[in-house]
Amino acid sequence: MAGVYVHIPFCASRCLYCDFFSTTESAKKESYVDALLQEMLCRKEEMSAAQRVETIYIGGGTPSQLSIDNLKRLFDGIYSIYDVNENAEVTIECNPEDVTASYAAGLTTLPVNRVSMGLQTFDNNRLRFLRRRHTSEKSLESVYLLKEKGYKNISIDLMFGFPEETPQMWSDDIDKALSLGVPHISAYSLMYEEGTPLTRLKDSGKINVVDDETMLSMYTLLINKMEDAGYEHYELSNFCLKGTESRHNMSYWTGKSYIGLGAGAHSYDGVHRRWNITSLDKYIEGVHGGSVYWGSETLSATDHFNEYIMTRLRTKKGIDIDYLHSSESKDIMTKEFERLLDLHLSAGNLVEENGRLRLSRKGLYISDSVMSDLFLIN
Ligand code: SF4
């Protein structure tokens, strides 16, 4: 098995743009950790049949809403059930507001060797707009505290494309992020997801959405500045200094199997996808009743092919041309696929290099449409 993902759905408050499964019902943290430990036992066979664990990712929600004691219980469970590689990458997502000196010290008592924080922006007005709990000052302090405790492998998330944001404002945010000297930076455009308060603001005309041209110039600015600073643009939204790419996320993008524990978590064993119920109460009740409520699907050959195209094109490594010539692909590939592939190659959206096909800079700007053109129909 490549990875273990554990979903911690607790948040102190809800952000304006968020459509992740999370809850502010903090009284249930203890019983949720009990349920996670129980789920590991329920799915022990699935786990023991799997390979060595190379990555662990505690995500959310806000994992740093759990006490160090509860996280310790969780890690003790994981390490007692799984065969975890001693060099495993072990990531926890933290909200900067939760990273106090004592919490950072507590993290060092756990197997955690990588911390990921959603800083989003260094502008306090934009942070307030997003309903984030932290301030820009607290972001800087949290990185400082983690570094002081010896954490080198720190990742931060940024957002761009806020209403009224200009490329200059975004440029200032990137400069501040670079000045932190962290090895990994992810940057996402602000998304208007269905059902979020942010989308309601947009639909009621109360905010102005940044136009496509400005978004594109912001993305270009990001890539240029990150590359100039020595970061490798290894995935559409991810940049790292040499050797610090997220091993856990790379395993998703290279089709490795993983097990997802907790409410709303997804698992993949190479053939099937399964997902746990996105309800805290039903998850806890189900697990203690001896079974996890979950749904699943078996991927068809076409699903596999489409996933391969989508995940590999996200990364700098791109598609292995041998895969396209393999018997598995040849049986299902259509003339239309070949036509569109040639079209994107001759238009310069894709480039061929060392037996692989990847998105060019031009192709990065229209990645969604290149990918969807190359999907086969089931
Ligand atoms: S902290 Fe993260 S998971 Fe929680 S509401 Fe905000 S964006 Fe969503």
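Values in this document were obtained by computation on a predicted structure and should not be read as measured data.

Looking at the packing of aromatic side chains
The description of an aromatic ring pair rests on the distance of the ring centres and on the angle between the ring planes.
Step number 1: Under the defined criterion, the tally for this structure stands at 11 aromatic pairs.
Step number 2: A centroid spacing of 6.1 Å and a plane angle of 20° characterise the contact between Tyr 5 and Tyr 57, whose relative ring orientation is stacked. Of this pair, Tyr 5 sits in strand β1 (residues 3-8) while Tyr 57 sits in strand β2 (residues 53-60), and the two are 52 residues apart along the sequence.
Step number 3: Taking 5.5 Å as the distance between ring centres and 50° as the angle between the ring planes, the aromatic pair formed by Tyr 32 and Tyr 283 counts as tilted. Here Tyr 283 lies in helix α11 (residues 280-288) and Tyr 32 lies in helix α1 (residues 29-42), a separation of 251 residues in the sequence.

Some details on the domain arrangement of the protein chain
Many authors give the size of an interface as the accessible area that is lost as the parts come together.
Step number 1: We note that the domain assignment places domain 1 (3-253) and domain 2 (301-374) within the protein chain.
Step number 2: Each of domain 1 and domain 2 has a C-alpha centre, and these two points are 29 Å apart.
Step number 3: Contacts between the two partners involve 15 residues from domain 1 and, on the opposite side, 11 residues from domain 2.
Step number 4: Both faces considered, domain 1 and domain 2 share a buried interface measuring about 1,100 Å² in area, 60% of it formed by carbon and sulfur atoms.
Step number 5: Considering only the side of domain 1, the residues that lose the most area to domain 2 are Leu 216, Leu 236 and Trp 253, jointly responsible for 44% of the buried surface there.
Step number 6: Where domain 1 meets domain 2, there are three salt bridges.
Step number 7: Between Lys 316 and Glu 232 there is a salt bridge whose closest N-O contact spans 3.7 Å.

Points about unusual backbone geometry
Step number 1: Following Gly 60, the chain continues into Gly 61 via a peptide bond in cis, with omega recorded as 20°.
Step number 2: One non-glycine residue, Arg 131, adopts positive backbone phi at about 65°.
Step number 3: Here the phi dihedral of Asn 354 falls at roughly 50°; this positive angle occurs in a residue that is not glycine.
Step number 4: Take Asn 354: it is sitting in the loop between β14 (350-353) and β15 (356-359).
Step number 5: Judged by relative accessible area, which is 78%, Asn 354 ranks as exposed.

A few points about the sheet that holds strand β13 (residues 319-320)
Step number 1: Strand order in the open sheet made by the three strands is β13-β15-β14, with antiparallel pairing throughout. Edge positions in the sheet fall to β13 and β14, since each has one partner strand and no second.

Quick look at the pattern of salt bridges
Step number 1: Overall, the coordinates contain 20 salt bridges when judged by the stated rule.
Step number 2: Between Arg 52 and Asp 83 there is a salt bridge, with its nearest N and O atoms 3.3 Å apart. Here the residue Arg 52 occupies a position in the loop between α2 (44-48) and β2, and Asp 83 occupies one in the loop between α3 (68-81) and β3 (84-94), the gap between them amounting to 31 residues.
Step number 3: When its relative accessible area of 39% is taken as the criterion, Arg 52 is described as partly exposed.
Step number 4: A single network of salt bridges, built from pairs that share partners, joins Asp 123, Arg 126, Glu 165 and Asp 173.

Conventions used here
Residues numbered from 1 in each chain as written. Predicted model: local features only at pLDDT ≥ 70, side-chain atom pairs only at ≥ 80, totals over all residues. Heavy atoms only, no water. Phe/Tyr/Trp six-rings, centres within 6.5 Å; stacked < 30°, edge-to-face > 60°. Helix = DSSP H or I, 4+ residues; strand = E, 2+ residues; numbered from the N terminus. Domains from an automatic or database assignment. Contact = heavy atoms within 4.5 Å. Buried area = accessible area lost by both parts, 1.4 Å probe. Salt bridge = Lys/Arg side-chain N within 4 Å of Asp/Glu carboxyl O. Buried < 20%, exposed > 50% of the residue type's maximum accessible area, 1.4 Å probe, protein only. Pairing = 2+ DSSP bridges.

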